[in-house]
Number of protein chains: 2
Amino acid sequence: MKKTVRPEIPRKTIYRLSVYLRCLHRLRENGLSTVRSEALANAAGVKPTQLRKDLTYFGQFGTRGLGYDVEQLAGMISDLLGTNRLQPVVLVGVGNLGTALLSYRGFEQEGFEIVAAFDAEPDRDRDKPLEVPIYAMDRIARVVRDKGVRMAIIAVPATAAQTVANALVEAGIGGILNFSPAMLTVPDTVTVNSVNLAIELENLSYFIQQ
Amino acid sequence: MKKTVRPEIPRKTIYRLSVYLRCLHRLRENGLSTVRSEALANAAGVKPTQLRKDLTYFGQFGTRGLGYDVEQLAGMISDLLGTNRLQPVVLVGVGNLGTALLSYRGFEQEGFEIVAAFDAEPDRDRDKPLEVPIYAMDRIARVVRDKGVRMAIIAVPATAAQTVANALVEAGIGGILNFSPAMLTVPDTVTVNSVNLAIELENLSYFIQQ
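Residues numbered from 1 in each chain as written. Chains lettered and ligands numbered in written order. Predicted model: local features only at pLDDT ≥ 70, side-chain atom pairs only at ≥ 80, totals over all residues. Heavy atoms only, no water.

This paragraph deals with the sheet that holds strand β8 (residues 191-194) of chain A. Either a parallel or an antiparallel arrangement is found when strands of a sheet pair, and the pairing is made through backbone hydrogen bonds. All names here are of chain A. Strand order in the open sheet formed by six strands is β5-β4-β3-β6-β7-β8, with parallel pairing between adjacent strands. The open sheet terminates on both sides in strands that have one partner only, identified here as β5 (134-135) and β8. Where strand β3 (residues 87-92) and strand β6 (residues 151-154) come together, four bridges link them in parallel fashion. Residue pairing in the sheet places Val92 in a bridge with Ile154 of β6. Together, β3, β6 and β7 (175-178) form the strand contacts of helix α8 (residues 158-171), whose direction differs from that of β6 by roughly 170°. (Pairing = 2+ DSSP bridges. Helix = DSSP H or I, 4+ residues; strand = E, 2+ residues; numbered from the N terminus. Contact = heavy atoms within 4.5 Å. Axes fitted to C-alpha atoms, helices over the stretch in contact; angles between N-to-C directions.)

Structure (structure tokens):
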């Protein structure tokens, strides 16, 4: 409906919308059909003013005193995030971390399906049988295009990450979740979210010394 | 030396210091002994003014025109982060993700050693032999205290995460890296960094629609 102009929403707001969506799913599972903004804010761990501000991107809705319709709000957030249908994702780098990610059930629950994986050694023996096909790196462009994939997960070593990112961007990938410690250079049209496990630990390491 | 009063450094600055440290290590591996702030900022992907501001926490140093001593700056950042010696870490939840984290080499490279793991089913058959001992959950307090551990990784399902967090805090853990989708409630003295893989993908999902 309001799809003609897509609002520019800051990345942090998008993260919070994901959190609200999880809270709404939990409320729905518990049989609740409406929720007051204070209760939803509290469940999400944000201030009510923050919640109300974040939801202004959807225009005016919710009834003062009655709160939000759980089903409606969840639907609007899913629509915005693009998770109202199963999204195909490819994974590059089937080492320890990549193998774990392939068998991680949390993705599918949230609407993401890893449809193919790529590795420098696609035929190498792996500890467990994988349900996803593993291809050689030079098949990235073809598989991504054939399956209409827009999102990729990079779980290769730092030294290989930029080359892989280039191949993914060339193939038409628009969003990369980067688990390698490398800083990736991509065109402005591509979004990279990086998860650097060692840096997260290092950050904690500072705070436990306080 | 300047250890009497520990500066209050924002979390984002701490993340950037981790990035600078990685850049400095790379420079050292390439045989460089000094680096100008512009070059270091460029390697880290930040503005030179940002870098200089972040480094003011260390007081006045660096020589105008000559730049920073790579070894000295790396040492100062490591000291501050507390990664100049191997830090013991425990992991709770040895499922798919937990198993991958146990065999992830990136941690040890950065100064973290997973010394013990805990699981609701410590004796369950796992796909591969693990080098780290796996204990039952009721051993958390004892092992954490015996080994002087201050940091923990949580990789259990959302439903178990708060109970695990409580046990860790009670045992004296000060920093938690949380991979479960649960929002954890901990005392102010404990730092939690959360990595929610599904939320990272959801965030990308929004941006690829642009």
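Taken as a whole, chain A is organised into domain 1 (11-80) and domain 2 (87-200). For domain 1 of chain A versus domain 2 of chain A, the separation of C-alpha centres amounts to 31 Å. (Domains from an automatic or database assignment.)

Attention now goes to the interface of chain A and chain B. Opposite the 62 residues of chain A that make contact, chain B presents 61 residues. Of the roughly 5,800 Å² buried where chain A meets chain B, counting both sides, 62% is carbon and sulfur surface. There are two salt bridges connecting chain A and chain B. Where Arg22 of chain A meets Glu202 of chain B, a salt bridge forms, and the shortest distance between an N and an O atom there is 3.2 Å. The interface formed by chain A and chain B contains 26 residue pairs in polar contact (both at pLDDT 80 or more). Examining the composition of the side of chain A that touches chain B, we find that 12 residues originate from one element, helix α9 (residues 197-208) of chain A, more than from any other. Each residue belonging to the side of chain A that touches chain B can be placed in one class, and the counts come to 31 nonpolar, 17 polar and 14 charged. (Buried area = accessible area lost by both parts, 1.4 Å probe. Salt bridge = Lys/Arg side-chain N within 4 Å of Asp/Glu carboxyl O. Polar contact = N/O pair within 3.5 Å; in protein donor to acceptor, adjacent residues only side chain to side chain. Nonpolar A, V, L, I, M, F, W, Y, C, P; charged D, E, K, R; others polar.)

With that settled, the discussion passes to the sheet that holds strand β8 (residues 191-194) of chain B. Taken in spatial order, the six strands make up an open sheet running β5-β4-β3-β6-β7-β8 (chain B), and their pairing is parallel. Unpaired on one side and paired on the other, β5 (134-135) and β8 of chain B mark the two borders of the sheet. Direction of pairing for strand β7 (residues 175-178) of chain B relative to β8 of chain B: parallel, over a ladder of four bridges. Across the sheet, residue Asn178 of chain B finds its bridge partner in β8 of chain B, namely Ser194 of chain B. Sheet strands in contact with α9 of chain A are β3 (87-92), β4 (112-118), β6 (151-154), β7 and β8 of chain B, and its direction is about 155° off that of β7 of chain B. Contacts between helix α8 (residues 158-171) of chain B and the sheet are confined to β3, β6 and β7 of chain B, with β6 of chain B contributing the most and set at about 170° to the helix.

So, on to helix α3 (residues 48-55) of chain B. Residue and element names in this part refer to chain B. Those residues of α3 lying buried are Leu51, Asp54 and Leu55. Around the axis of α3, the buried residues are gathered within 95° of arc, so they sit on the same side. In α3, those exposed residues whose orientation departs by more than 90 degrees from the buried face are Thr49 and Lys53. On its buried side, α3 packs onto α1 (11-29), α2 (37-44), β2 (68-69) and α4 (70-81). (Buried < 20%, exposed > 50% of the residue type's maximum accessible area, 1.4 Å probe, protein only. Arc of directions from axis to C-beta.)

The next point concerns the pattern of salt bridges. Per the counting criterion, the structure on display carries 12 salt bridges over all chains. A salt bridge links Arg28 of chain A to Glu71 of chain A; the nearest nitrogen and oxygen atoms lie 3.2 Å apart. Of this pair, Arg28 of chain A sits in helix α1 (residues 11-29) while Glu71 of chain A sits in helix α4 (residues 70-81); the two residues are 43 residues apart in sequence, bridging distant segments of the chain. Residue classification places Arg28 of chain A among the partly exposed positions, given a relative accessible area of 37%. Taking the shortest distance from any N to any O, the salt bridge between Arg124 of chain B and Glu121 of chain B comes out at 3.8 Å. The partly exposed category is assigned to Arg124 of chain B, whose relative accessible area is 36%. A relative accessible area of 47% means that Glu121 of chain B is categorised as partly exposed.

Across the interface, α9 of chain A lies against α1 of chain B with an axial gap of 9 Å and an inter-helix angle of 120°. Between α9 of chain A and α1 of chain B, the angle is such that the two are oblique. Our pair here, α9 of chain A against α1 of chain B, has a crossing hand that is right-handed. The segment α9 of chain A lies against α1 of chain B, with Ala198, Ile199, Glu200, Glu202, Asn203, Tyr206 and Phe207 of chain A engaging Arg11, Ile14, Tyr15, Ser18, Val19, Leu21 and Arg22 of chain B. (Parallel < 35°, antiparallel > 145°, perpendicular 65-115°, else oblique. Left-handed = near helix turned anticlockwise from the far one by under 90°.)

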